[in-house]
Amino acid sequence: MVGALDGVRVVEFSQIIAAPFCGMLLSDMGADVIKVEPPEGEPWRVFAQFIPLESKTFISLNRGKRSLPLDLTKPEGQRIAQQLAARADVVIVNYRPDVPAKMGIDYETLAALNPRLIYCENTAFGRRGPDSYRPGYDIVIQAMTGLMAAHNKTLNGVPQVPALAAADFATGITMAWAICAALYARERTGRGQKVEASLLATALAIQTSRFTSVDAYDAQWMPDFLRALNEARARGADWEELANLQMNARPLQTVGNIYYRTYKTADGYIAVGCLSNSLRRKMAAALGLKDPRFEDPNWDPTSEAARVAGERLVQEAEALFATRTTAEWLRLLDAAGVPCGPVRFVEELFDDPQVQANDLVVELEHRLAGPVRMVGPIVRMSETPTRAQRASPALGEHTDEILAELGYDPEQIAGLKQSGITR
């Protein structure tokens with residue numbers, strides 16, 4: 001059986017995370033993805049490289065693709081890129097808004113050559129608005145959209161970027177989703193289209209309720225918070241004070257968070273996640289704790305009594321978890337139907353039975369780096385199975401075969417290499 005996107009050709013003009021992740025997801029579904037990068041390689045190749053032009057970051061985001069280095073600042077390089085696009089189903093572009101036109105790979109140019117083309121462009125801030133011209137990476141978007149503040153990770157009082165590039169990865173998934181929808185629409189209409197994604201849009205979207213304002217709820221506190229925030233900034237308040245303003249401004253919803261957090265056990269750490277009252281009751285019963293919200297039908301969660309009771313409940317739960325090992329708590333909470341799990345490092349998961357049972361580790365052979373183990377396709381499909389087609393390409397590994405498919409003979413290819421158009 002072939003993948004759902006078997007026969008779909010994708011040309012990817014991209015670097016770093018969002019668009020490369022999108023291209024890799026499409027490859028897992030069977031698409032032929034050609035990665036076009038500068039002759040010196042995209043920046044991610046040399047980020048913490050362990051052999052020349054190869055890094056774990058690049059390998060982890062570019063499996064299944066074929067590599068064609070092209071100098072898109074030169075007319076001949078642009079002509080080759082346009083030939084690729086003329087034969088492609090999808091083009092992915094991940095540059096500043098002004099760059100594609102300079103390189104001859106903007107939507108208007110390529111759509112004129114191929115009206116059925118699905119052209120997916122990712123920018124930092126979107127095509128419109130006062131920030132549209134600006135470059136931006138995940139750290140900038142997380143800072144500007146509240147994601148960094150929501151994470152509340154600080155160092156010496158300064159907000160820090162989270163370890164996960166959430167806006168980048170979520171945008172990669174968004175792009176792949178939109179491309180599949182556009183391909184489906186093309187099958188019905190025969191027309192291609194331009195798809196626009198942005199890190200800004202995705203970063204706001206994944207915050208859901210935090211970026212939703214309901215007057216009946218938020219009008220009670222948000223104006224006062226914004227006013228206090230501006231006043232605190234004006235007097236030079238530090239980050240801790242600003243973060244506390246937000247934390248304390250939101251209406252109190254619980255008497256004490258013992259149900260959705262991590263705990264220290266006798267020999268490690270455990271996470272529990274109870275997001276409904278039925279699960280919270282199960283956990284309280286399993287721990288032998290009395291939660292006043294379940295005892296008194298007239299309980300006021302915003303009262304001072306609720307705050308005191310909540311603090312006491314947290315202290316009791318923390319002390320209780322410290323009395324048993326993680327394994328003991330897992331057995332007890334599993335038996336009670338309470339969602340829970342040990343806190344682990346990702347390096348521990350390659351041989352994890354649950355990960356292995358779901359084919360979430362694939363083993364591939366890289367042309368230069370040798371054996372590679374990495375996460376496998378993230379979805380399973382019964383009739384059009386997903387699979388990792390190959391390891392990430394070495395720079396220029398597929399130059400000859402891709403140019404030959406475009407009709408270049410060996411002498412012409414050699415000339416392009418000699419002139420620095422490709423390698």
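Everything below is about the structure printed above this text.
Every value quoted in this text rests on a predicted model; they were computed, and no experiment measured them.

A. Expanded view of the packing of aromatic side chains. By the definition in use, this model includes 6 aromatic pairs. Aromatic pair Phe 21 and Phe 169: ring centres 5.2 Å apart, planes at 85 degrees, arrangement edge-to-face. Here Phe 169 lies in helix α8 (residues 166-189) and Phe 21 lies in helix α1 (residues 18-28), a separation of 148 residues in the sequence. Assessed through its relative accessible area of 12%, Phe 21 is described here as buried. Ring centres 4.0 Å apart and planes at 15 degrees place the aromatic pair Tyr 263 and Phe 321 in the stacked group. Of the two residues, Tyr 263 is situated in strand β9 (residues 260-264) and Phe 321 in helix α15 (residues 304-321); the sequence distance between them amounts to 58 residues. Taking the relative accessible area as the measure of exposure, Tyr 263 reaches 2% and is therefore buried. One aromatic cluster is present, formed by Tyr 263, Phe 321 and Trp 329 through successive ring pairs.

B. Representation of the packing of α1 against α8 in the model. Taken N-terminus to C-terminus, the directions of α1 and α8 make an angle of 45 degrees; their axes are 7 Å apart at the nearest point. On the basis of their axis angle, the class for α1 and α8 is oblique. Pair α1 / α8 crosses with right-handed handedness. Touching Ala 18, Ala 19, Phe 21, Cys 22, Leu 25 and Leu 26 of α1 are Asp 168, Phe 169, Thr 171, Gly 172, Ile 173, Met 175, Ala 176, Ile 179 and Cys 180, all from α8. When the residues that make up the contact of α1 with α8 are grouped by side-chain class, the tally is 12 nonpolar, 2 polar and 1 charged.

C. Representation of a nonpolar patch on the surface in the model. Together, Ile 173, Leu 360, Val 375, Ile 378 and Val 379 make up a nonpolar patch on the protein surface, roughly 390 Å² of accessible area in all. Topologically, Val 379 is positioned in the loop between β13 (370-375) and α18 (399-405). Take Val 379: its relative accessible area is 38%, and that puts it in the partly exposed class.

D. Focus on α8. Here α8 spans 34 Å end to end across 24 residues, near enough to the 34 Å set by a 1.5 Å rise per residue. Positioned one or two residues after α8, Gly 190 has a phi angle of 80 degrees, which is positive.

E. Spotlight on the sheet that holds strand β1 (residues 9-13). Strands sit in the order β3-β2-β1-β4-β5-β8 across an open sheet of 6 strands; the sheet is parallel. Of all strands in the sheet, those with a lone pairing partner are β3 (65-69) and β8 (193-198), marking the two edges. Ignoring which end each strand starts from, the neighbouring axes of this sheet average 20 degrees apart. Of the strand pairs in this sheet, β1 and strand β4 (residues 90-93) are connected by 4 bridges, and their pairing is parallel. Considered in β4, the bridge of Phe 13 is made with Val 93.

F. Region of interest: the pairing of β13. In terms of strand pairing, strand β12 (residues 361-366) meets β13 through 6 bridges, oriented antiparallel. Looking across to β13, one finds that Glu 365 is bridged to Pro 371. The antiparallel hairpin formed by β12 and β13 contains 3 residues in its connecting segment.

G. Representation of the pattern of salt bridges within the structure. Taken as a whole and assessed by the stated rule, the structure comprises 31 salt bridges. Note that Glu 54 and Arg 45 form a salt bridge whose closest N and O atoms lie 3.2 Å from each other. In terms of burial, Glu 54 and Arg 45 fall into one category: buried. In this structure, Arg 134 engages Asp 131 in a salt bridge whose closest nitrogen and oxygen atoms are separated by 3.6 Å. Look at the salt bridges and you will find they share partners, linking Arg 9, Asp 32, Arg 66, Glu 401 and Glu 405 into a network.

H. Layout of the side chain of Asn 114. Locating Asn 114 in the fold gives a position in the loop between α5 (107-113) and β5 (118-123). Among residues more than four places away in sequence, those in contact with Asn 114 are Ala 85, Ala 86, Arg 87 and Ala 88.

I. Highlighting the environment of Gln 207. Relative to the helices and strands, Gln 207 resides in the loop between α9 (199-205) and α10 (215-218). Exposure remark for Gln 207: the relative accessible area of 9% places this residue in the buried category. Between the C-alpha atom of Gln 207 and that of Arg 312, which follows or precedes it by 105 residues, the distance is 31 Å. With sequence-adjacent residues up to four places away left out, Gln 207 is seen in contact with Thr 145, Gly 146 and Leu 147.

J. Spatial organisation of the sheet that holds strand β10 (residues 269-273). Strand order in the open sheet formed by 3 strands is β9-β10-β11, and the pairing between neighbours is antiparallel. Both outer strands of the open sheet, β9 and β11 (340-342), are each paired with one neighbouring strand and no more. On average, each strand axis in the sheet is tilted by 20 degrees relative to the strand beside it, whichever way the strands run. Bridge count between β9 and β10: 5 bridges; the pairing is antiparallel. Its bridge partner being in β10, Thr 262 is matched across the sheet by Ala 271. On top of the sheet, α15 reaches β9 and β10; it is set at about 45 degrees to β9, its chief contact.

K. Local environment of the state of the cysteines. Evaluation of the coordinates by the stated rule reveals 0 disulfides. The thiol sulfur of Cys 180 is not disulfide-bonded, and the nearest other cysteine sulfur, from Cys 22, lies at 8.3 Å. The exposure class of Cys 180 is partly exposed, given its relative accessible area of 27%. In this structure Cys 340 is a free cysteine whose sulfur lies 8.6 Å from that of Cys 274, the closest cysteine sulfur available. For Cys 340, a relative accessible area of 25% corresponds to the partly exposed category.

About the thresholds
Within any chain, residue numbers begin from 1 and follow the written order of that chain's sequence. Owing to the predicted nature of the model, reporting of local features is limited to residues with pLDDT of at least 70; listing and counting of side-chain atom pairs is limited to 80 or more, with chain, interface and lining totals taken over all residues. Hydrogens are left out, water is left out, and the side-chain values use all remaining heavy atoms of the structure. Only Phe, Tyr and Trp rings are paired, with Trp represented by its six-membered ring, and only when their centres lie within 6.5 Å; those with planes under 30 degrees apart are stacked, over 60 edge-to-face, the remainder tilted. Runs of H or I in DSSP of at least four residues are treated as helices and runs of E of at least two as strands, each being numbered from the N terminus. Burial classes follow relative accessibility: with a 1.4 Å probe on protein chains only, a residue under 20% of its type's maximum area counts as buried, one over 50% as exposed, and anything between as partly exposed. For helices, the fitted axis covers only the stretch in contact; all axes are lines through C-alpha atoms, and the angles between them, taken along N-to-C directions, range from 0 to 180 degrees. Our angle categories are set so that under 35 degrees counts as roughly parallel, over 145 as roughly antiparallel, 65 to 115 as roughly perpendicular, and the remainder as oblique. Handedness of a helix crossing follows the sense of rotation of the near helix relative to the far helix, less than a right angle counterclockwise being left-handed and clockwise being right-handed. Note on definitions: a residue-residue contact is assigned when non-hydrogen atoms from the two residues lie within 4.5 Å. Classification convention: Asp, Glu, Lys, Arg as charged; Ala, Val, Leu, Ile, Met, Phe, Trp, Tyr, Cys, Pro as nonpolar; all other residues, Gly among them, as polar. Patches here: salt-bridge-free residues with over 30% relative accessible area, like charges joined within 9 Å, nonpolar side chains (Val, Leu, Ile, Met, Phe, Trp, Tyr) joined within 5 Å. Computed with the Shrake-Rupley method and a 1.4 Å probe, the accessible areas treat only the protein chains shown as cover for residues. Basic side-chain nitrogens of Lys or Arg form a salt bridge, by our definition, when they fall within 4 Å of a carboxyl oxygen of Asp or Glu. Each helix should span, by expectation, one fewer than its residue count multiplied by 1.5 Å. DSSP calls a pair of strands paired once it identifies at least 2 bridges connecting them. The definition used for a disulfide is geometric: two cysteine sulfur atoms within 2.5 Å.

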